[in-house]
Amino acid sequence: MIQEQLAFLPEFLSDYRPFPPAKERTAWQGLPLRAKQRFLQAGEAALQTPIAPLPLSLWLDFTHTGRRTPWETAYFSRRARLCALVSAECVEHEGRFLDAIADTVWALCEESAWQLPAHNSYIRDTPQLPLPDTTRPIVDLFAAETGALLALARYLLPDELDTAAPGTTVRMEQELNTRILTPYFSSHFWWMGNGAEPMCNWTSWCTQNVLLTVFLLPTTQQQRNAAVKQAAYSLDCFLKDYGADGCCNEGAQYYRHAGLTLWGCLEILSNVAPQAFSPLFHEPKIKNIAEYICNVHVEGPYYLNFGDCSPLAGRCGAREYRFGQAVGSDALQALAAADFRADADPDHLQNPDGSTHINLWYRLTTAFAEEEMMTYSAAPRHHLTVWYPSVGVYAARQGSWVLGAKFGSNGDSHNHNDTGSITVYKDGRPFLIDIGVESYTKKTFSPQRYEIWTMQSAWHNLPTFDGVQQLPGAEYAAREVCTAENSITGELAGAYPPIPELTTYRRSVSVSEQGITLRDETDYPGTVELTLLTEQQPVPAADGFAVGTLGGIRFDPGAATAAVTAVPITDPRLRTAWPETIYKITLHFQKMLNLELY
C-alpha cells in the first residue's frame, strides 16, 4: 500500500515544519493562555529539578536483577526535563531556560547508549547483552524517541542554543548522525521489517521518530529519499499484520504506539510529499485503524482491555483528533475532543508508561490543536455492536451495560492466555475485569513470560480443568465463533492443550438492558473451575453474589459451589488501574453453568 505511492515521489523532499521555530513569535504568542501557563509551570518545575544521574550501577541493576524501573525512571526524567524546558522557552523566549536546556542536551549527548538495557540486543527476542557497545548504537524505541526530541529541540531553538552554549547544535547533529541516521541507513533492525516476519508497534513507532529526525535536520536529499523508501517498506510490513477491519491486536493502550504512530508516519510523509502520501488517508483500512479506539471505548477513562493493555488506556487527545481529521472520522474527533476537555493532565506528565510525556512533538501538537479541541461541539457516540474478526474482539452495549469478549487466539502481540475471556462494565464501572500486566521486567518479554500470574488463563474470566490452563500460540484459538447484534458464541476447547475426554467447552454470552447472560457447556467429565474477577467485593447471597454497589451475579446454588478470595494488588503499574484489593470468585461445576449479571 505505502510502497505503491513511491511512484509519485517529487524530485525534492522538503523539510518538515510541524510548528514554527521559536523566533517566529506570532504563532507562539497566539497559543491558548492555558497551554502557555501549563508550559511555563512545567518549565519552572524542571529548573528546580536536577538532571537525574545514570551511573553504570543502574544499568547493571537490570543486568543482575531484571528490574527495569530504576534505570528507566532516571532515563525518562531527563527527557521529560528537556521537553518541559524547551516548551517553556519557546513560549517565553527570554533565554531563562536556555542554560538548563543546554545542560540537559549535553547530558543526553554524553550518555553511552540511548537504548534501554531491556532492549540491548542485536537480534530479536535474544537475551540482552550485559553492557552497551558504544561502537554499534542500537536504534530501539527510546533511542528513536531521543533522536526525535533532540532534532526538534535543535529545529525550534538553533540560534538560541548556540548563543547560550556555542557548538551545541553541531554536537547534537553529530550524535544524531552517529546514533540514529548512520545505523538506520547502514544496519537492519528487526522492527524495520523482513518479509512475512510479524511486526508490532515498534515498527511504526520507531519509524515515526526516525522520520522526524531525518526531516527536522538539514539532511541531504539522498538521505531523505532513502528514509522515505525504507519507511514505506517498514510500514507495509506493519500493515500486513492488520486485518482490513483495522483491529489492533495489542489493545487500546498500544493503539497509542501503533495506530497513532502510523498516523505520525503518514503525517510526516504527507507533509514532505503531499501528492504521494496524502491519498493514503482515504484508504478504508487506514480509517478503520484510526477508529478502533472509538469502538473499544467504554465510558470516561475506561477501555475494553486484553493482553498487556490496562483498562485505563490513557485519554485521547490531539493526535487522535488530527488522525480523525485526516481520515474524515467525526466519531474519532468527537471522542478526542471530549477526552481532551476531561483530561487533567493533557501533556501526560504523570503517564506511567514512560512514552508520551517525553515526546516534545506530541506535547506541542497538543498545544497547537488545543483551541480547536476546546470548541469542537459534536458529542462522542458508540456503535451498539462491533465485531473484529481479524483478532476476535467483540463489543456490545445495551442500556447501562457494556460487554467485551476476546474470541481470537493466544498468538497476539503482548498476548495473555485469555481466549474466550470477557469483561463487563455497568454504568461505566468495571464489573468483571481483566487485570492487565504488572510492571515490566526482564521476565515479561522472555521465555518465562507465562510464569507470570497475570498472563495465565486462570487469572482471566475462564475455566481451568484440574489445573490445566490455556497455552500461548496462534494455534490455541476459539473455533466456530458466531456473533449477533447482542451475543457471541464460540468453542473454547481448542485454546487448551489436549485434555483427556474434553472435546467441547462452548461459551455463549449475551447482553440486554437487564444485564449479561453467560452460559458455559462442556463434556468434560470432571469438575470445572471457573474464575471470575471483580474490582468490587462480592458478598454471598441466596442465589449467588451481590457485587459491591453495582448489582450481582446470579446462578443456581445447586449447580455450582462458590468461593471468594481477596487478591492484594501491590505492583505500581497495576495500582494505576485497580485498588489495593481485587476479588477472585471461584465456581466449581459440572457439565453446564448459567450465570446472570444484573
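What counts and what doesn't
- Residues numbered from 1 in each chain as written.
- Predicted model: local features only at pLDDT ≥ 70, side-chain atom pairs only at ≥ 80, totals over all residues.
- Heavy atoms only, no water.
- Salt bridge = Lys/Arg side-chain N within 4 Å of Asp/Glu carboxyl O.
- Helix = DSSP H or I, 4+ residues; strand = E, 2+ residues; numbered from the N terminus.
- Buried < 20%, exposed > 50% of the residue type's maximum accessible area, 1.4 Å probe, protein only.
- Polar contact = N/O pair within 3.5 Å; in protein donor to acceptor, adjacent residues only side chain to side chain.
- Contact = heavy atoms within 4.5 Å.
- Pairing = 2+ DSSP bridges.
- Axes fitted to C-alpha atoms, helices over the stretch in contact; angles between N-to-C directions.
- 1 Å grid on protein atoms, 1.4 Å probe; cavity = no way out; pocket = protein on both sides within 12 Å on 5 of 7 lines; lining within 4 Å.
- Points joined across faces, edges and corners; volume = space filled by probe spheres on them.
- Nonpolar A, V, L, I, M, F, W, Y, C, P; charged D, E, K, R; others polar.

Novice: Summarise the pattern of salt bridges; cite the residues concerned and give the values.
Specialist: Counted under the stated rule, the structure contains 31 salt bridges. Between R179 and E175 there is a salt bridge, with the nearest N and O atoms lying 2.8 Å from each other. Placement of both R179 and E175 in helix α8 (residues 168-186) is noted, with a separation of four residues, approximately one turn of the helix. It is possible to trace a salt-bridge network through shared partners that takes in R34, R38, D347 and E370.

Novice: Explain the side chain of N415 residue by residue, including any values.
Specialist: Tracing the chain through its elements places N415 in the loop between β6 (409-410) and β7 (422-426). N415 sits in the buried class, given a relative accessible area of 3%. Within the structure, N415 has its side chain in polar contact with the backbone oxygen of N410 (distance 3.1 Å). Those residues within four positions of N415 in sequence are excluded, and the remaining contacts are G307, S409, N410, R449, Y450, M455 and P472.

Novice: Give a description of the side chain of R224 that names residues and reports values.
Specialist: Here R224 lies in helix α10 (residues 221-239). Assessed through its relative accessible area of 2%, R224 is described here as buried. Engagement of the side chain of R224 in a polar contact is seen with the backbone oxygen of L13, the distance being 3.1 Å. Not counting residues up to four positions away in its chain, the partners in contact with R224 are L13, S14, D15, V214, F215, L217, P218 and T219.

Novice: Can you tell me about the sheet that holds strand β12 (residues 487-491), naming the residues and giving the values?
Specialist: Ordered in space as β11-β12-β13-β14-β21-β18-β17-β16, the eight strands form an open sheet in which the pairing is antiparallel. Only two strands of the sheet have a single neighbouring strand rather than two, namely β11 (479-483) and β16 (538-541). The sheet shows a mean angle of 15 degrees between the axes of neighbouring strands, taken without regard to direction. Note that strand β14 (residues 515-522) and strand β21 (residues 592-597) share six bridges and pair antiparallel. Counted as the bridge partner of L518 is L595 from β21.

Novice: Describe the layout of surface pockets, and please don't skip the residues or the numbers.
Specialist: Its boundaries defined by the atoms lining it, the second largest pocket holds a volume of some 250 Å³. Lining the second largest pocket are 16 residues, and of these A42, A46, A80, R81 and A84 lie nearest its centre. The set of elements that each furnish at least two residues to the lining of the second largest pocket consists of α2 (33-47) and α4 (69-92). The leading source of residues in the lining of the second largest pocket is α4, at five residues. Within the lining of the second largest pocket, the residues separate by chemical class into nine nonpolar, four polar and three charged.

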